[in-house]
Amino acid sequence: MTPSAEATLEAARLSVAPMMDWTDRHCRFFHRQLTARTLLYTEMVTAPALVRGGAAHLLEFNAAEHPVAVQLGGSEPEELAEAARMAEAAGYAEVNLNIGCPSDRVKSGCFGAVLMKSPELVADCLTAMRETVSVPVTAKCRIGVDEQEPREVLPAFLEMIERTGVDRVTIHARKAWLQGLSPKENREVPPLDYPLVHQMRAEFPGLHVSINGGITSLDEAQVHLGTGMDGVMIGRAAYHDPGLLLFADEQIFGEAPSNKTRRDVVDAMRPYIAAHLEAGGKLAQITRHMLGLFQGRPGARAWRRILSEQAHREDAGLAVLDRALDALPETSLAA
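Residues numbered from 1 in each chain as written. Predicted model: local features only at pLDDT ≥ 70, side-chain atom pairs only at ≥ 80, totals over all residues. Heavy atoms only, no water.

1. Looking at the state of the cysteines
Okay, so step 1: Counted by the stated rule, this structure contains 0 disulfides.
Okay, so step 2: In this structure C27 is a free cysteine whose sulfur lies 17 Å from that of C101, the closest cysteine sulfur available.
Okay, so step 3: On the basis of relative accessibility, which here comes to 0%, the residue C27 falls in the buried class. (Disulfide = S-S within 2.5 Å. Buried < 20%, exposed > 50% of the residue type's maximum accessible area, 1.4 Å probe, protein only.)

2. Examining the side chain of H66
Okay, so step 1: Counting through the fold element by element, H66 comes out in the loop between α3 (47-51) and β3 (68-73).
Okay, so step 2: Every residue in contact with H66, bar those within four places of it in the chain, is listed here: M1, T2, P3, R32, F61, G91, Y92 and A93. (Helix = DSSP H or I, 4+ residues; strand = E, 2+ residues; numbered from the N terminus. Contact = heavy atoms within 4.5 Å.)

3. Remarks on helix α15 (residues 300-310)
Okay, so step 1: Taken residue by residue, α15 has A300, A302, W303, I306, L307 and Q310 as its buried positions.
Okay, so step 2: Those residues of α15 that are buried are in contact with α13 (262-278), α14 (284-287) and α16 (318-326).

4. A word on the pairing of strand β8 (residues 231-234)
Okay, so step 1: The alternating pattern of β8 places G231 and M233 on one face and V232 and I234 on the opposite face, and all of these are buried.
Okay, so step 2: Summarising the sheet, strand β1 (residues 14-16) and β8 pair through 3 bridges and their orientation is parallel. From the neighbouring strand, L14 faces β8, where its bridge partner is V232.
Okay, so step 3: Bridge analysis of strand β7 (residues 208-212) against β8 gives 3 bridges, and the strand direction is parallel. Residue pairing in the sheet places I211 in a bridge with V232 of β8.
Okay, so step 4: The handedness of the β7 to β8 crossover, carried by helix α10 (residues 218-226), is right-handed. (Pairing = 2+ DSSP bridges. Right-handed = clockwise from strand over helix to strand, strands pointing away.)

5. Section: the packing of aromatic side chains
Okay, so step 1: Under the counting rule described, the total for this entry stands at 4 aromatic pairs.
Okay, so step 2: A ring pair is formed by W22 and Y239, whose centres lie 4.4 Å apart and whose planes are at 15°; its orientation type is stacked. One end of the pair, W22, is in the loop between β1 and α2 (25-34); the other, Y239, is in helix α11 (residues 236-240), with 217 residues separating them in the sequence.
Okay, so step 3: W22 gets classed as partly exposed once you look at its relative accessible area, which sits at 21%. (Phe/Tyr/Trp six-rings, centres within 6.5 Å; stacked < 30°, edge-to-face > 60°.)

6. Some words on the pairing of β7
Okay, so step 1: Counting buried residues in β7 gives 5 out of 5 residues, a clear majority hidden from the surface.
Okay, so step 2: Residues H208, S210 and N212 point to one face of β7 and V209 and I211 to the other, with burial holding for every one of them.
Okay, so step 3: Here strand β6 (residues 168-172) runs beside β7; their pairing, made up of 5 bridges, is parallel. The partner of V169 across the bridge, within β7, is V209.

7. Side note on the packing of α15 against α16
Okay, so step 1: The N-to-C vectors of α15 and α16 enclose an angle of 160°; their axes lie 8 Å apart at closest approach. Taken together, the axes of α15 and α16 lie roughly antiparallel to each other. Note that α15 runs across α16; the crossing there is right-handed. Seen from α15, the contacting residues are W303, I306, L307 and Q310; seen from α16, they are V320, L321, R323, A324 and L325.
Okay, so step 2: Taken together, the residues that form the contact of α15 with α16 break down as 7 nonpolar, 1 polar and 1 charged. (Axes fitted to C-alpha atoms, helices over the stretch in contact; angles between N-to-C directions. Parallel < 35°, antiparallel > 145°, perpendicular 65-115°, else oblique. Left-handed = near helix turned anticlockwise from the far one by under 90°. Nonpolar A, V, L, I, M, F, W, Y, C, P; charged D, E, K, R; others polar.)

8. Overview of the sheet that holds β7
Adjacent strands of a sheet pair through backbone hydrogen bonds, lying either parallel or antiparallel.
Okay, so step 1: If you trace the 8 strands once around the closed barrel, you get β1-β2-β3-β4-β5-β6-β7-β8, paired in parallel fashion. Taking the axes of each pair of neighbouring strands and ignoring which way they run, one obtains an average angle of 25° across the sheet.
Okay, so step 2: Pairing between strand β5 (residues 137-142) and β6: 4 bridges, direction parallel. Bridging from a neighbouring strand, C141 pairs with I171 of β6.
Okay, so step 3: Across the sheet, α2 touches β1, β2 (39-46) and β3, and the angle it forms with β2 is around 170°.
Okay, so step 4: Its contacts with the sheet put α10 on β1, β7 and β8, and the angle it makes with β8 is roughly 150°.

Right, dumping it as structure tokens:
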């Protein structure tokens, strides 16, 4: 069953960012074994692919991933509205518009961060999406792009978003440079401006504002939440060190300690992996997302090496997972 808007709002206290080539359905199912409460996002799915390309398979997901939101990319209001309708019909709890990705592919399609230069077009897109679906429509943006002055541009942009009736926005606290920086550099080079995002939260009390960018731990997330932010979105840290999500329900959502171990998480993945293999899938399609599970723990390198080297083989099955587990000391498995 699709979670209610209220439940999705509660889950947005902590979310895992949409990340191209990473947060696919296998990654999300894995992350859900670590945290029951955190809001998960798909990779960006382009509206043209869904509407014109007939790629409805891009919306496939397992109901066990809930609460899960889809992120759409596009710049044509009617097309985005139709893509949002398809996403709602598929069962997603939220539809998010990408106004923050700086990649060349996104720029050439006239969507992503470049849309911050066309606020009225963004308003048309968000309005069309809201008028088409009943699930929450949200936005994810940067603090500005290129030569824009964030302290001037961002308040006006948020005013526009609020006028459309959209009341949830995630702000990546870096400017995006559409010329001269690669997507990777755009995640690291432009300076973070957390105070500006906190200021926007204070100036727009009607908006639910999540902060994103450079946040690498639950302790950092708690600092932002404790100083006024409504939500925190963690990106690459949650992918490279997914074990941090094991404590999210307790630390961020106030749940009782689950005492779940990383070994428990691996065991929970077994039936899913077995079903995937039975359907003709490859082990590496799932285990590539699990490489960081024992990050920072004894045996982590051996775990990664065995999965990296053996999971790609044609006959790779659960025995590979067992060999990788056998390379770990009990101290790493029991915590």
